[in-house]
Amino acid sequence: MNLLIKGGTVVNPAKKQHEVADVLVKDGKIAAIGQNLSADGADVYDATGLVVAPGLIDMHTHLREPGQEAKEDFYSGTQAAAAGGFTRVATMANTTPVVDNAALVRGLRKQAELTGVVKVEFMGAVSKGLKGKELAEMGDMAEAGVVGFSDDGHYVESAAFMRRALEYSSMFNKPVIDHAEEVTLTCEGHMHEGFVAYEMGVKGRPAVAEDMAVARDLLLAEMTGGHIHIAHVSSKDTVDQIRRAKAKGIKVTCEVTAQHLAFTDEYLREYNPAFKMAPPIRSEEHRQALLAGVKDGTIDAIITDHAPHAEEEKDQEFCCAPNGFSGLETSLAAVLTHTYKTGILTLDEIVSLMSTRPAQLLGVEGGVLEVGKAADITVFSTDEAWTVDRNRFYTKGKTSPFDGMTLTGRAKLTVVDGDVVMKEGVVTR
Ligand SMILES: NC(=O)N[C@@H](CC(=O)O)C(=O)O
C-alpha cells in the first residue's frame, strides 16, 4: 500500500530541510518529497499543522527479552515504541540470560524480526554476565550485528577491564556505552544526594559518583583511542568534562534522558517510586546544565531509558522499589513540553537529537528523509495537549512519573518501511 503524507512541515535536519511539503511513500521506500504530490490509489494522511520527521530512534531501551517477559517483551515493547513515535530502538543487554554471546544475538534478532512492531537493534554486554571479570564475545557479537557494547545497569568497576573493552571495541568500530556510576558511592543510595534527600531522610547517590566514573573513562578513552559513549548523563560536572574532552579531540559522545530534562529531585518529595531511577533525577542546577549541554551540542542524543518493571516490583515502599520506569510512550511529548515549548530547543535540534544523531551513533540506516531510502517516518503534533494515562500504555510496565500530567505534543503517525504501525495513538499491529 502506498502512502501520501500531505501538507506537513518536513523537519529533516540531515538535509537542512525545514519546509511544508508532501512525502510520498511507495513500496516501503520514500519515493518523493515535494510540493503538491499526488499518487493514484495511495492512502492519504493529512499532516496539515503537523511535523513530518525521520523516524525517531531510541538508542537506549530495555525490552527485557529474554527472561523478564513479565516486565516486557519484544512485542509489547515495540508496540510502546510505535505508540511513542519510535521506528527503531536499541535494547540493552541486562536480560536473563545476559546478551553476551553471538548465538544469543542471532536468535534474538530473528525473534525481534518476527514479533517486533518496529526495528530492534541489540547492544552486546561488555563482560560475561555483566560481572566485569571476563570480556564478552565482543568480536563475535559485532559480526552478529550488535550496535555497541554495554554493561548498562552496572558500572565496569575495574579500570584495567574498561581499558581492554575500549581497545577491543575500537577494533570493531563500535562504542562502549558506559553506565558511569562509581558503585561504592551509590550502592546504598536511592535518590540524588542533596538538600531534598536530607529533608526526606533518604540516603543519596552523589553527583560526584558519576563525575568520578566519567573522569576515569575519559582518560581511558584518550589513552586507548576507543569510543566511549556516556549513558544517561545526569550531572553538571559530567557535562563540563565531556565538553572539554570533545574540544580536546577525545572520542566521546553522550546521551541524556527525557526525564532528566523534565524533572528535579523536588518531584520526589512524595516518595513516589515512579521517580526513582539510575542515575537519579538531580537538582535544578544539574537540570539546567543538561539543557545547556543539549543546546550547545555537548550532548548528542536524547533517549528514553525505557526501563519497565512489573507492577508488584515497582509498587513498593520507596527504598525497596527498583530503578527505572517505562519511557517510550512519553519521551517525545516530555521533550516537546520541556524543551520546545519552553523555547530552549528548536524542532530541528530535537529531531537531530532523537533521530539523526542516534542513527549515526548506532551506525544504522535512518535519521534522514531521503528519496530511495526506507520509509521510516514519524509524524507528530507540537501543540496537542493530552493527559498521560498509564492504563492506556502499550508497555507492560505501567509505572510512569508522567502519569496524570498534561504534556503538549504527541506522536500521531509512525511508519516503518512504509507500513503504518501507529495512527492517532492506536498501534495497528
Ligand atoms: N535506568 C534504570 O533506572 N534502570 C535500568 C538499569 C539501570 O540503568 O540502572 C533497568 O534495567 O531497569
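These figures come from a predicted structure and were not determined experimentally.

A.B. asks: Is there a simple way to explain the packing of aromatic side chains in this structure?
C.D. replies: The description of two aromatic rings rests on the distance between their centres and on the angle between their planes. A complete count under the given rule lists 7 aromatic pairs for this structure. Taken together, the aromatic side chains of Phe263, Tyr267, Phe275, Phe325 and Phe402 make up a single cluster linked through ring pairs. Positioned over the ring face of phenylalanine 318 is lysine 276, at 5.7 Å from the centre of the ring. Positioned above the aromatic ring of tryptophan 386, the side-chain terminus of arginine 410 is 4.0 Å from the ring centre.

A.B. asks: I'm lost on helix α10 (residues 284-295) in this one. Help?
C.D. replies: Residues spaced three or four apart along an α-helix face the same direction, because each turn holds 3.6 residues. Across its 12 residues, α10 extends 16 Å between first and last C-alpha, which sits within 8% of the 16 Å expected from 1.5 Å per residue. The set of residues buried in α10 consists of His286, Arg287, Ala289, Leu290, Leu291, Gly293 and Val294. Phi for glycine 297, located one or two positions after α10, is positive at around 90°.

A.B. asks: Got a minute to help me understand the UniProt feature "domain: Dihydroorotase catalytic" (unreviewed entry) in the protein in this structure?
C.D. replies: The UniProt record annotates "domain: Dihydroorotase catalytic" (unreviewed entry) at residues 51-237. Between the C-alpha atoms that bound residues 51-237 the distance is 35 Å, and the span itself is 39% helix and 19% strand.

A.B. asks: Which parts of the structure should I look at to understand the site of the ligand?
C.D. replies: Near the ligand there are 14 residues, and of these Arg64, Asn94, His179, Ala278 and Asp305 occur at the shortest range. A distance of 3.4 Å is found between an oxygen atom of the ligand and a side-chain nitrogen or oxygen belonging to histidine 62. Contact between the ligand and glycine 324: an oxygen atom at 3.1 Å from a main-chain N or O atom of the residue. In the complex, the protein chains occlude 91% of the 310 Å² of accessible area that the ligand would expose alone. Classifying every residue of the shell around the ligand by side-chain character gives 3 nonpolar, 8 polar and 3 charged.

A.B. asks: Looking at this model, I keep getting lost on a nonpolar patch on the surface. Mind explaining?
C.D. replies: Among the surface-exposed residues, Leu185, Val208 and Met212 lie close enough to one another that they form a single nonpolar patch of about 230 Å² accessible area. Taking relative accessible area as the criterion, valine 208 reaches 41% and is therefore assigned partly exposed.

A.B. asks: What should I look at first to understand the state of the cysteines in this one?
C.D. replies: Disulfide: a covalent bond formed between the sulfur atoms of two cysteine residues. As enumerated under the stated definition, the model contains 0 disulfides in all. Lacking any disulfide linkage, cysteine 319 is separated from the closest cysteine sulfur, that of cysteine 320, by 6.9 Å.

A.B. asks: So what exactly am I meant to see when it comes to the packing of helix α7 (residues 207-224) against helix α8 (residues 236-247) here?
C.D. replies: The angle between the axes and the distance between the axes are what describe a pair of packed helices. Between α7 and α8, the least distance of the axes is 9 Å, while the angle of their chain directions is 15°. Regarding the angle of α7 to α8, the classification is roughly parallel. In this structure, the crossing between α7 and α8 has a hand that is right-handed. Between α7 and α8, the contacting residues are Glu210, Asp211, Val214, Ala215 and Leu218 on the first element and Asp237, Thr238, Gln241, Ile242 and Ala245 on the second. Across the contact of α7 with α8, the residue classes tally to 5 nonpolar, 2 polar and 3 charged.

A.B. asks: What am I meant to see in the environment of arginine 287 here?
C.D. replies: In this structure, arginine 287 sits in helix α10. Through-space distance from the C-alpha of arginine 287 to that of phenylalanine 263 is 7.6 Å; in sequence the pair is 24 residues apart. Other than its neighbours up to four places away in sequence, arginine 287 contacts His260, Leu261, Ala262, Phe263 and Thr264.

A.B. asks: How should I be thinking about the environment of tyrosine 198 in this particular structure?
C.D. replies: Position of tyrosine 198 among the secondary structure elements: in helix α6 (residues 195-200). On a C-alpha basis, the gap between tyrosine 198 and histidine 306 in space is 28 Å, while along the polypeptide they are 108 residues apart.

A.B. asks: Sorry if this is basic, but what is going on with the nonpolar core here?
C.D. replies: Most often, soluble globular proteins have nonpolar side chains that are buried together. Counting residues in hydrophobic clusters, the biggest one holds 100 residues, and the most contacted among them are Ile228, Ile230 and Ile302. Look past the residues within four positions of isoleucine 302 in its chain and what remains in contact with it is Val256, Thr257, Ala258, Leu261, Val294, Val335, Leu345, Leu353 and Met354. Within the second largest apolar cluster, 17 residues are counted, among which are Ile5, Val25, Ile30 and Val52.

A.B. asks: Even after reading the chapter, I still don't get α8, so can you show me in this structure?
C.D. replies: Under the 1.5 Å per step criterion, the end-to-end length of α8 is 17 Å for 12 residues, consistent within 8% with the ideal 16 Å. Against the buried residues of α8 lie α7, β13 (228-230), β14 (252-257) and α10. Its side-chain oxygen at 3.4 Å from the backbone nitrogen of aspartate 237, serine 235 defines the N-terminal cap of α8. Phi turns positive, to about 90°, at glycine 249, one or two residues after α8.

A.B. asks: Explanation requested: the pairing of strand β6 (residues 56-61) in the structure shown.
C.D. replies: Looking down a regular strand, the side chains alternate between one sheet face and the other. A large share of β6 lies buried, amounting to 6 of its 6 residues. Examined bridge by bridge, β6 and strand β7 (residues 86-91) share 4 bridges and lie parallel to one another. Opposite isoleucine 57, over in β7, you have arginine 88 as the bridge partner. With helix α1 (residues 74-83) bridging β6 and the parallel β7, this β-α-β connection has right-handed handedness.

Rules used in this analysis
Residues numbered from 1 in each chain as written. Predicted model: local features only at pLDDT ≥ 70, side-chain atom pairs only at ≥ 80, totals over all residues. Heavy atoms only, no water. Phe/Tyr/Trp six-rings, centres within 6.5 Å; stacked < 30°, edge-to-face > 60°. Lys NZ or Arg CZ within 6 Å of the ring centre and 35° of its normal. Helix = DSSP H or I, 4+ residues; strand = E, 2+ residues; numbered from the N terminus. Expected span 1.5 Å × (residues − 1). Buried < 20%, exposed > 50% of the residue type's maximum accessible area, 1.4 Å probe, protein only. UniProt positions renumbered as here; feature names shortened; annotations may be inferred. Near = heavy atom within 4 Å. Polar contact = N/O pair within 3.5 Å; in protein donor to acceptor, adjacent residues only side chain to side chain. Areas by Shrake-Rupley, 256 points an atom, 1.4 Å probe, with all protein chains shown as cover. Nonpolar A, V, L, I, M, F, W, Y, C, P; charged D, E, K, R; others polar. Patch = residues over 30% accessible without salt bridge, like charges linked within 9 Å, V, L, I, M, F, W, Y side chains within 5 Å. Salt bridge = Lys/Arg side-chain N within 4 Å of Asp/Glu carboxyl O. Disulfide = S-S within 2.5 Å. Axes fitted to C-alpha atoms, helices over the stretch in contact; angles between N-to-C directions. Parallel < 35°, antiparallel > 145°, perpendicular 65-115°, else oblique. Left-handed = near helix turned anticlockwise from the far one by under 90°. Contact = heavy atoms within 4.5 Å. Core = buried A, V, L, I, M, F, W, Y, C linked by side-chain atoms within 4.5 Å. Pairing = 2+ DSSP bridges. Right-handed = clockwise from strand over helix to strand, strands pointing away.

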